[in-house]
Structures are given as structure tokens and as C-alpha cells.
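Inside the fold
Letter by letter, the chains look like this.
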Amino acid sequence: MNETNPTTGKLKKCLPLAGGFFTGILNGLFGAGGGMVAVPFLRSGGLDEKESHASSVALLMALSLVSTALYLHRGSMTIGDALPYLPGALAGSAAGALLMPKISTKWLRRIFGLLMIYGGIRMVTG
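**Quick look at the domain arrangement of the protein**
- Domain annotation of the protein identifies domain 1 (1-77) and domain 2 (88-126).
- Across the interface of domain 1 and domain 2, roughly 850 Å² is buried in total on both sides, 73% from carbon and sulfur atoms.
- On the domain 1 side of the interface with domain 2, the three residues burying the most area are Met 36, Glu 49 and Lys 50, jointly 66% of the side's total.
- Counting the contacts that link domain 1 with domain 2 gives one salt bridge.
- The tally of links between domain 1 and domain 2 comes to four residue pairs in polar contact (both at pLDDT 80 or more).
- At the level of secondary structure, the elements contributing two or more residues to the side of domain 1 that touches domain 2 comprise helix 2 (35-44) and helix 3 (49-74).
- By residue class, the composition of the side of domain 1 that touches domain 2 is four nonpolar, two polar and three charged.

Printed below as a string of C-alpha cells:
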């Protein structure tokens with residue numbers, strides 16, 4: 001007999017909401033660093049590695065727009081602060097999106113893991 005546990009079902013429904021909330025908090029605090037938690041949450045939701053990375057970008061775009069609007073409204077930043085970085089960031093974003101399908105999942109995981117370790121070390125050492 002195949003019985004489903006109601007608690008497991010509720011947990012599965014809450015996981016995307018909790019993951020999105022946590023990702024949003026991190027994105028608001030640290031910038032796009034929310035992707036480091038978005039990808040594992042998306043993976044736990046059943047997406048494969050590359051789908052998780054691509055979906056994380058779409059998720060973070062929306063979160064970044066909200067954070068940007070709030071920071072601009074509060075006067076914490078100006079568009080001029082980010083403007084010099086935008087051309088390189090846009091070109092790099094396009095390059096990354098074009099390269100991802102060509103990189104094996106194994107190497108994508110390694111690169112992502114190394115970036116997480118590097119980011120963690122930078123945060124701890126100041």
C-alpha cells in the first residue's frame with residue numbers, strides 16, 4: 001500500500017517558500033550571494049545541476065531588482081555607483097550563459113564549490 005505522509009507533503013510544499021525567503025535575505029544582505037543557497041534549494045526541489053544554476057539566475061534577477069529599488073529609495077547607492085561595472089558584468093553574464101552548456105556537470109560543481117570556499121574565506125578573513 002502506498003501511503004503518503006502528510007507531514008512530508010507539507011514539508012515539500014514549504015521548502016520552496018523557505019528556500020526563497022532565505023535566498024532573498026542573503027541576496028538583500030550580501031548582493032547576489034543568495035545564489036549560493038538558491039542552487040542547493042533548487043537541487044533539493046528536483047532540478048538537475050545546470051537547471052538549478054540557470055533557474056537561480058532568474059530568481060536572483062527578481063530579488064536583485066527588489067533590493068536595488070529599496071537601496072535606491074533609501075539613498076544607500078546610486079546607479080552611478082554600479083554603472084562602471086555594468087558593461088563588463090553584462091558581457092560576463094552572456095559569456096557564462098553561453099559557456100554553461102559546454103561545461104560538464106562535474107566541472108560546474110567543482111567551480112561552484114571552489115567559489116563558495118573562496119567567498120567563505122574572504123568573508124571570514126575580512
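**A short note on the packing of aromatic side chains**
- Considering all chains together, one arrives at zero aromatic pairs under this definition.
- Sitting over the ring of Trp 107, Arg 110 keeps its end group 4.8 Å from the ring centre.

**Thoughts on the pattern of salt bridges**
- For the structure on display, the rule yields two salt bridges.
- Measuring nitrogen to oxygen at the nearest pair gives 3.2 Å for the salt bridge that ties Glu 49 to Arg 43.
- Residue Glu 49 is classed as buried on the basis of its relative accessible area, which comes to 7%.
- Across the pair Arg 109 and Glu 49 runs a salt bridge, and its minimum N-O distance is 2.7 Å. Of the two residues, Arg 109 is situated in helix 6 (residues 105-125) and Glu 49 in helix 3; the sequence distance between them amounts to 60 residues.

Quick notes on the rules
Residues numbered from 1 in each chain as written. Predicted model: local features only at pLDDT ≥ 70, side-chain atom pairs only at ≥ 80, totals over all residues. Heavy atoms only, no water. Domains from an automatic or database assignment. Buried area = accessible area lost by both parts, 1.4 Å probe. Salt bridge = Lys/Arg side-chain N within 4 Å of Asp/Glu carboxyl O. Polar contact = N/O pair within 3.5 Å; in protein donor to acceptor, adjacent residues only side chain to side chain. Helix = DSSP H or I, 4+ residues; strand = E, 2+ residues; numbered from the N terminus. Nonpolar A, V, L, I, M, F, W, Y, C, P; charged D, E, K, R; others polar. Phe/Tyr/Trp six-rings, centres within 6.5 Å; stacked < 30°, edge-to-face > 60°. Lys NZ or Arg CZ within 6 Å of the ring centre and 35° of its normal. Buried < 20%, exposed > 50% of the residue type's maximum accessible area, 1.4 Å probe, protein only.

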